[in-house]
Amino acid sequence: MNRVQIHPTAVVAPEAVLGEGVVIGPYAVIGPHVRLGPRTVVGAHAVIEGRTTIGADNQIFPFASVGMVPQDLKYAGEPSELVIGDRNRIREFATLNPGTAGGGMVTRVGNDCLIMNYAHVAHDCRVGNHVILANGAQLAGHVTVEDYAVVGALVGIHQFVRVGESAILGAGSMVSLDVAPFCNATGDRATLHGLNVIGLRRRGLSEERIAALKRAYRLVFQSGLKMQEALIRVAREVPATPEVGHFVEFLRSSQRGICR
């Protein structure tokens, strides 16, 4: 697998940069500004266009559309980018768009993500590491999804919403407000239903650290306190674990408002 393998029916621009062991399947299209890292495999009929950089050991499945121009009427042809990390799986008919001048010019996807069939990552999104976007999950522009989050099937996420680390969104949820890290949200419009305890245990968090998050969650969302007062009490009463610190900072920095 040291050599690049390109099927005779594929259309690969001569300017494209292909790393060692890249495999391009039948009828795939690779544009002139594309860079593919070592051992990345592009399936049949997949299209990778635009200023798209993809890291090592990715799998791009048949009919995926990666790097085509944003679905944004303000887009005016600016040389924006899509940057994807390593070891991601981008399944059939998924669509990922580059950034725009209004959002920093870059859409980013981290490492070890699973982007399932028909999922959409719009312009200027930031998707972290180990994220799962289930079938038909739709991220509007400027959405941030932090590490280890799970976005269920047919979830719709509004522009500029943030989904916190290890949060889980139930299938069919409509998410218009920020979802705090480590929480479980579902419904139309989405509301919180406790912590994502199963996900936290799968990540290997100790019961003591999960208990600290539960205490912080109860103070913020179940005590009836105003947000600022609740955060003061969290700082005073809850063990200062990394997860609690991130939970508090996420809430303090929200500009869109918090899903409750």
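Scope of this entry: the structure provided in the associated data block.

1. Thoughts on helix α2 (residues 207-221)
Since one α-helical turn is 3.6 residues long, residues separated by three or four positions face the same way. Given a rise of 1.5 Å per residue, 15 residues ought to cover 21 Å, and the 21 Å separating the end C-alpha atoms of α2 matches this to within 8%. Turning to α2, its buried residues are Ile 210, Ala 212, Leu 213, Ala 216, Tyr 217, Leu 219, Val 220 and Phe 221. On its buried face, α2 is in contact with β27 (183-186), β28 (191-195), α1 (197-202), α3 (227-237) and α4 (242-252).

2. Quick word on the nonpolar core
Ranked by size, the top nonpolar core spans 75 residues in total, and within it Leu 96, Ile 157, Phe 221 and Phe 247 carry the most contacts. Those elements that provide at least two residues to this core are β12 (81-84), β27, β28, α1, α2, α3 and α4. Per-element accounting of this core gives the leading share, 8 residues, to α2. Apart from the residues within four sequence positions on either side, Phe 247 is in contact with Ala 180, Pro 181, Phe 182, Cys 183, Leu 213, Ala 216, Tyr 217, Val 220 and Phe 221.

3. Brief notes about the sheet that holds strand β5 (residues 29-30)
The strands that make up a sheet pair up through hydrogen bonds in the backbone, lying either parallel or antiparallel. Spatial ordering of the open sheet is given by β2-β5-β8-β11-β14-β17-β20-β23-β26, a layout of 9 strands whose pairing is parallel. Of all strands in the sheet, those with a lone pairing partner are β2 (11-12) and β26 (174-175), marking the two edges. Across 2 bridges, the pairing between strand β8 (residues 47-48) and strand β11 (residues 65-66) is parallel. Looking across to β11, one finds that Val 47 is bridged to Ser 65.

4. As for the layout of surface pockets
Empty space within the largest pocket amounts to approximately 330 Å³. If you trace the largest pocket, you find 19 residues lining it, with Ile 132, Tyr 148, Val 150, Gly 199 and Arg 202 closest to the centre. Broken down by element, the lining of the largest pocket gets its largest block of residues, 4 residues, from α1. Grouping the amino acids of the lining of the largest pocket by side-chain chemistry returns 10 nonpolar, 5 polar and 4 charged.

5. Points about a nonpolar patch on the surface
On the surface, Phe 63, Phe 93 and Tyr 118 cluster together to form a nonpolar patch covering roughly 320 Å² of accessible area. Along the chain, Tyr 118 falls in the loop between β16 (114-115) and β17 (120-121).

6. As for the sheet that holds β12
Pairing in this open sheet of 8 strands is parallel, and the strands run β3-β6-β9-β12-β15-β18-β21-β24 from one edge to the other. Each end of this open sheet is capped by a strand with a single partner; those strands are β3 (17-18) and β24 (162-163). Where strand β9 (residues 51-54) lies against β12, 4 bridges are found, and the strand directions are parallel. Of the residues in β12, the one forming a bridge with Arg 51 is Glu 81.

7. With respect to the side chain of Ser 80
With respect to the element layout, Ser 80 can be found in the loop between β11 and β12. Owing to a relative accessible area of 4%, Ser 80 belongs among the buried residues under this scheme. Setting aside residues no more than four positions away along its own chain, Ser 80 makes contact with Arg 51, Tyr 75, Pro 98, Gly 99, Thr 100 and Met 105.

Conventions we followed
- Residues numbered from 1 in each chain as written.
- Predicted model: local features only at pLDDT ≥ 70, side-chain atom pairs only at ≥ 80, totals over all residues.
- Heavy atoms only, no water.
- Helix = DSSP H or I, 4+ residues; strand = E, 2+ residues; numbered from the N terminus.
- Expected span 1.5 Å × (residues − 1).
- Buried < 20%, exposed > 50% of the residue type's maximum accessible area, 1.4 Å probe, protein only.
- Contact = heavy atoms within 4.5 Å.
- Core = buried A, V, L, I, M, F, W, Y, C linked by side-chain atoms within 4.5 Å.
- Pairing = 2+ DSSP bridges.
- 1 Å grid on protein atoms, 1.4 Å probe; cavity = no way out; pocket = protein on both sides within 12 Å on 5 of 7 lines; lining within 4 Å.
- Points joined across faces, edges and corners; volume = space filled by probe spheres on them.
- Nonpolar A, V, L, I, M, F, W, Y, C, P; charged D, E, K, R; others polar.
- Patch = residues over 30% accessible without salt bridge, like charges linked within 9 Å, V, L, I, M, F, W, Y side chains within 5 Å.
- Areas by Shrake-Rupley, 256 points an atom, 1.4 Å probe, with all protein chains shown as cover.
- Salt bridge = Lys/Arg side-chain N within 4 Å of Asp/Glu carboxyl O.

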